[in-house]
Amino acid sequence: MTNFSPDPNPFPDWLRMEMKVKQKQNAPFKPKQIDLVANIRFGTHTLNTYFGPITIGLNKGKLQTVIKNGKVPLGNIHLVNYLTLERDVQVKDEVTNEMQFGVKGEVNVSGKPKIGGSLGAEKKVGRKRSEEYQDKKCGVKTEGGESDPSWIFTAITEEVLDGLLRDTTLATIDVTKNPCTIVSTFQKPELKDIKISESPWYFTNFVNKQKTLLQQKVIRQVFEKIFEKCDYLSQSTVSL
């Protein structure tokens with residue numbers, strides 16, 4: 001049975017993480033193995049500033065694990081290279097105005113020739129519903145040793161990480177002693193890894209040099225404020 005502690009998460013809208021472990025069905029006399037499985041929702045954080053509402057997010061983030069009574073050989077790491085976050089589905093419901101051209105006339109039911117009718121146009125108002133799918137890819141790099149592997153996520157197709165990583169196996173752990181405990185920490189980002197994803201038009205339309213300096217200033221102020229008393233974005237402890 002998996003034991004876990006609540007996720008002390010100070011930024012649930014920005015990043016939410018749930019970790020769990022699953023025991024593998026190994027052959028007799030084989031070492032006990034468990035899979036480390038992650039559910040991570042990457043989001044954004046909107047702040048009210050002097051310039052108006054500005055939304056920021058992570059361009060890069062690091063998930064660090066510390067394993068007690070277990071190890072992860074290099075061949076047991078599953079999540080590598082890149083992955084696709086669960087797709088966002090955007091539904092659009094639009095009002096449509098269509099003009100239909102044709103000949104308007106009377107129906108002849110007597111069998112006698114009848115000349116008549118006029119050329120006209122008819123306006124039809126309707127609704128059109130469509131769905132847009134967008135794949136959001138991010139790169140994944142691994143670091144660390146057998147007892148402290150880490151995963152670094154970097155946005156590829158978007159400016160910031162945004163989407164859901166669902167029931168993804170990070171690695172298979174060889175258990176050396178019971179209980180095996182894993183502490184997973186999504187670390188406090190560096191200043192350069194926070195990006196602005198949305199901002200008022202007058203903020204984004206500055207000259208490039210001014211815009212860059214202004215973005216850095218806003219991000220620095222936000223960074224210092226929200227991370228003043230926080231050492232990480234999210235943390236989870238599981239054991240089996």
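Note that the structure is a prediction, hence the values are computed from the model and not measured.

Rules behind the numbers
Numbering of residues begins from 1 in every chain and follows the order in which that chain's sequence is written. The predicted origin of the model limits local features to residues at a pLDDT of at least 70 and limits the giving and counting of side-chain atom pairs to 80 or more, whereas totals for whole chains, interfaces and linings rest on all residues. No hydrogens and no water enter the side-chain calculation; it runs on all heavy atoms of the structure. Two aromatic rings, drawn from Phe, Tyr or Trp (for Trp, its six-membered ring), form a pair once their centres lie within 6.5 Å of each other, and the interplanar angle then sorts them: stacked below 30 degrees, edge-to-face above 60, tilted otherwise. Only runs of H or I of at least four residues qualify as helices and only runs of E of at least two qualify as strands under DSSP, and these elements are numbered from the N terminus. To sort residues, take the accessible area from a 1.4 Å probe on protein chains only and compare it with the maximum for the residue type: under 20% means buried, over 50% means exposed, and anything in between is partly exposed. N or O atoms closer than or at 3.5 Å make up a polar contact, with two conditions inside protein: a donor-capable atom paired with an acceptor-capable one, and, for residues adjacent in sequence, both atoms drawn from side chains. Here a residue-residue contact requires only that any non-hydrogen atoms of the pair lie within 4.5 Å.

Caption draft 1: Expanded view of the packing of aromatic side chains. In this structure the tally under the stated criterion is three aromatic pairs. Between Phe42 and Phe186, the ring centres sit 5.9 Å apart and the planes meet at 70 degrees, which makes this aromatic pair edge-to-face. One end of the pair, Phe42, is in strand 3 (residues 33-42); the other, Phe186, is in strand 12 (residues 181-187), and 144 residues separate them in sequence. Since its relative accessible area comes to 2%, Phe42 is described here as buried. A connected cluster of aromatic rings, assembled from ring pairs, spans Phe42, Phe153 and Phe186.

Caption draft 2: Quick look at the side chain of Thr55. Positionally, Thr55 belongs in strand 5 (residues 52-58). Here Thr46 takes part through its side chain, which lies 2.9 Å from a polar atom of the side chain of Thr55. Among all residues touching Thr55, those that are not within four sequence positions of it are Thr44, His45, Thr46, Lys195, Ile196, Ser197 and Glu198.

Caption draft 3: How the structure looks around the environment of Lys20. The topology assignment puts Lys20 in strand 2 (residues 15-23). Sequence separation between Lys20 and Val238 is 218 residues, and the spatial gap between their C-alpha atoms is 6.2 Å. Once residues within four sequence positions are removed from consideration, Lys20 is found in contact with Asp35, Leu36, Val37, Asn39, Asp167 and Val238. At 3.1 Å, the side chain of Lys20 and the side chain of Asp167 are in polar contact.

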